[in-house]
Amino acid sequence: EEEISFEDFNEYLYARHAVERNAEIAQIDPANTEGSGMSDADAQAILARVAASGRQASFDAVAGAVDDIVAHNRNLIEREGLEHRSTLMRWAGAYQHYVPLMGAETVESDQMHNTGQGFDTRRPESRRALGRFNRADDILANLMAQTMRTIIRAEKNRVGKTFLRFAQANPSPLWKFGLAEQRRQINPSTGLLETVWITSNADADNVFAAKVAGQTYYIRIEHDGLLTALKNLGMEQLGWFGRK
């Protein structure tokens with residue numbers, strides 16, 4: 001039996017997803033009927049060519065493995081608390097044959113977001129698709145990059161949740177929960193001392209974030225050494241704490 005070329009398989013994965021992606025994008029941008037970067041006509045032509053080749057079963061068998069990877073990523077996101085189950089169900093319901101459609105610059109940006117923040121996992125797990133106007137890059141490369149990002153964030157959040165539980169069970173002046181705190185200050189209008197609530201910026205250097213069931217919890221770290229450990233160390237430097 002003739003082998004399936006890498007290029008043909010990428011095209012098939014793209015076409016299999018293009019029609020449903022086009023329909024989804026058209027709901028938010030009716031003027032864009034090719035929001036996947038591939039027209040419905042081109043997608044149907046590719047699918048028809050595969051069907052006529054006599055190799056439909058072979059294409060579907062390999063594509064099934066891709067579907068398994070997508071499902072694995074979603075299961076991992078749910079298991080490690082990065083997103084709520086209802087959100088993941090909406091993702092699954094929107095697309096039957098999802099594959100990531102990204103350009104090289106988006107893949108590179110996503111990979112950069114996984115570095116430099118240690119075990120902090122505040123960013124969203126998915127960007128809302130707004131529609132493309134050109135073809136996406138290599139589908140399988142995109143999927144592998146997305147899978148790597150998911151695994152890294154899941155491992156980081158596992159450590160973040162461990163610290164969150166530890167901090168909740170062990171109150172300390174070294175950390176404070178939430179972004180709001182009370183401060184005493186002189187009211188410039190009255191000249192009197194008053195107590196006011198101040199909300200810290202979630203992106204402040206001393207704010208650490210972890211996710212539980214898709215909800216982000218913020219902790220203000222008041223110890224420079226601990227902050228450095230949580231936000232700058234890599235997985236290989238974790239040591240005993242992450243194995244708890």
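Please read all numbers here as calculations on a predicted model, not as lab measurements.

Novice: Even after reading the chapter, I still don't get the sheet that holds strand β5 (residues 215-221), so can you show me in this structure?
Specialist: Strand-to-strand pairing in sheets goes through backbone hydrogen bonds, with the strands running parallel or antiparallel. Spatially, three strands are ordered β1-β5-β4 in an open sheet, and the strand pairing comes out antiparallel. Looking at strand neighbours, the two that pair on one side only are β1 (175-177) and β4 (207-212), the edges of this open sheet. Each neighbouring strand pair of the sheet contributes to a mean axis angle of 30°, computed without reference to strand direction. As paired strands, β4 and β5 are joined by six bridges and run antiparallel to one another. By the bridge assignment for β5, K211 is matched with T216. Sheet contacts for helix α6 (residues 139-169): β1, β4 and β5; angle to β4, the most-contacted strand, approximately 105°.

Novice: What should I look at first to understand the nonpolar core in this one?
Specialist: As a rule of thumb, soluble globular proteins bury nonpolar side chains together. Counting 22 residues, the largest nonpolar core has F9, L13, Y14, M38 and V66 as its most contacted members. Those elements that place two or more of their residues in this core are α1 (6-28), α2 (40-52), α3 (56-79) and α6. Here this core takes six residues from α1, the largest share from any one element.

Novice: It is not clear to me how the packing of α1 against α3 should be interpreted in this structure. Could you clarify?
Specialist: For any two helices packed against each other, the geometry is given by the interaxial angle and the distance between the axes. Look at α1 against α3: their axes get within 11 Å of each other, and the N-to-C directions meet at 70°. Classified by the angle between their axes, α1 and α3 sit roughly perpendicular to one another. Note on element contacts: α3 touches α1 through Q56, F59, D60, V62, A63, V66 and D67, opposite D8, F9, Y12, L13 and R16.

Novice: Explanation requested: unusual backbone geometry in the structure shown.
Specialist: Keep in mind that most residues, glycine aside, have a negative phi and that most peptide bonds are trans. Positive phi, normally seen in glycine, also occurs at A213, with a value near 50°. Owing to a relative accessible area of 44%, A213 belongs among the partly exposed residues under this scheme.

Novice: I'm lost on the confidence of the model for the chain in this one. Help?
Specialist: Low pLDDT means the predicted atomic positions in that stretch should not be read closely. For the chain, mean pLDDT is 84; residues scoring 70 or higher make up 85% of the total. Taken together, the stretch residues 104-116 has pLDDT below 50 and engages in 21 contacts with residues farther than four places along the chain or on a different chain. Segment residues 235-244: pLDDT under 50, and 12 contacts once partners within four positions in sequence are set aside and those in other chains are kept.

Novice: Where do I start with a negative patch on the surface in this structure?
Specialist: A cluster of like negative charges, contributed by E7, D8, D137 and D138, occupies part of the molecular surface. Using a relative accessible area of 34% as the deciding quantity, one classes D8 as partly exposed.

Novice: Quick question: what am I supposed to make of the side chain of S36 here?
Specialist: Its location among the elements puts S36 in the loop between α1 and α2. Looking at S36, its side chain comes within polar contact range of the main-chain oxygen of M38, at 3.0 Å. Excluding residues that lie within four positions of it along the chain, S36 makes contacts with Y14, A18, R21, N22, L101, R132 and N134.

Quick notes on the rules
Every residue gets a number counted from 1 within its own chain, in the order that chain's sequence is written. Local features in a predicted model are, by the rule used here, given only for residues with pLDDT of at least 70; side-chain atom pairs are given and counted only at 80 or more, and totals for whole chains, interfaces and linings are based on all residues. To obtain the side-chain values, all non-hydrogen atoms of the structure were used and water was disregarded. A pair of strands is considered paired only if DSSP assigns at least 2 bridges between the two. Numbering of helices and strands starts at the N terminus; helices are DSSP runs of H or I of at least 4 residues and strands are runs of E of at least 2. Inter-axis angles, ranging from 0 to 180 degrees, are taken between N-to-C directions of lines fitted to C-alpha atoms, where helices are fitted over the stretch in contact. The criterion used for residue contact is that any of the two residues' heavy atoms lie within 4.5 Å. Only buried Ala, Val, Leu, Ile, Met, Phe, Trp, Tyr and Cys residues count toward a nonpolar core, and they belong to the same one when joined by side-chain atoms within 4.5 Å. Burial classes follow relative accessibility: with a 1.4 Å probe on protein chains only, a residue under 20% of its type's maximum area counts as buried, one over 50% as exposed, and anything between as partly exposed. Oblique is the label for every angle not falling under 35 degrees (roughly parallel), over 145 degrees (roughly antiparallel), or within 65 to 115 degrees (roughly perpendicular). As a per-residue quantity, pLDDT reports the predictor's confidence and falls between 0 and 100. Surface patches are drawn from residues lacking salt bridges whose relative accessible area is over 30%; two like charges belong together within 9 Å, two nonpolar side chains (Val, Leu, Ile, Met, Phe, Trp, Tyr) within 5 Å. A 1.4 Å probe and the Shrake-Rupley method give the accessible areas. Residues count as covered only by the protein chains that appear here. Here, a salt bridge means any side-chain nitrogen of Lys or Arg that lies within 4 Å of a carboxyl oxygen of Asp or Glu. None of His or the chain ends enter the tally, which takes Lys and Arg as positive and Asp and Glu as negative. Every charge is mapped to an atom, namely NZ of Lys, CZ of Arg, CG of Asp or CD of Glu. Identification of polar contacts relies on pairs of N or O atoms within 3.5 Å, with a donor-acceptor requirement for protein atoms, meaning one able to donate a hydrogen and the other able to accept it, and with residues adjacent in sequence counted only if both atoms are side-chain atoms.

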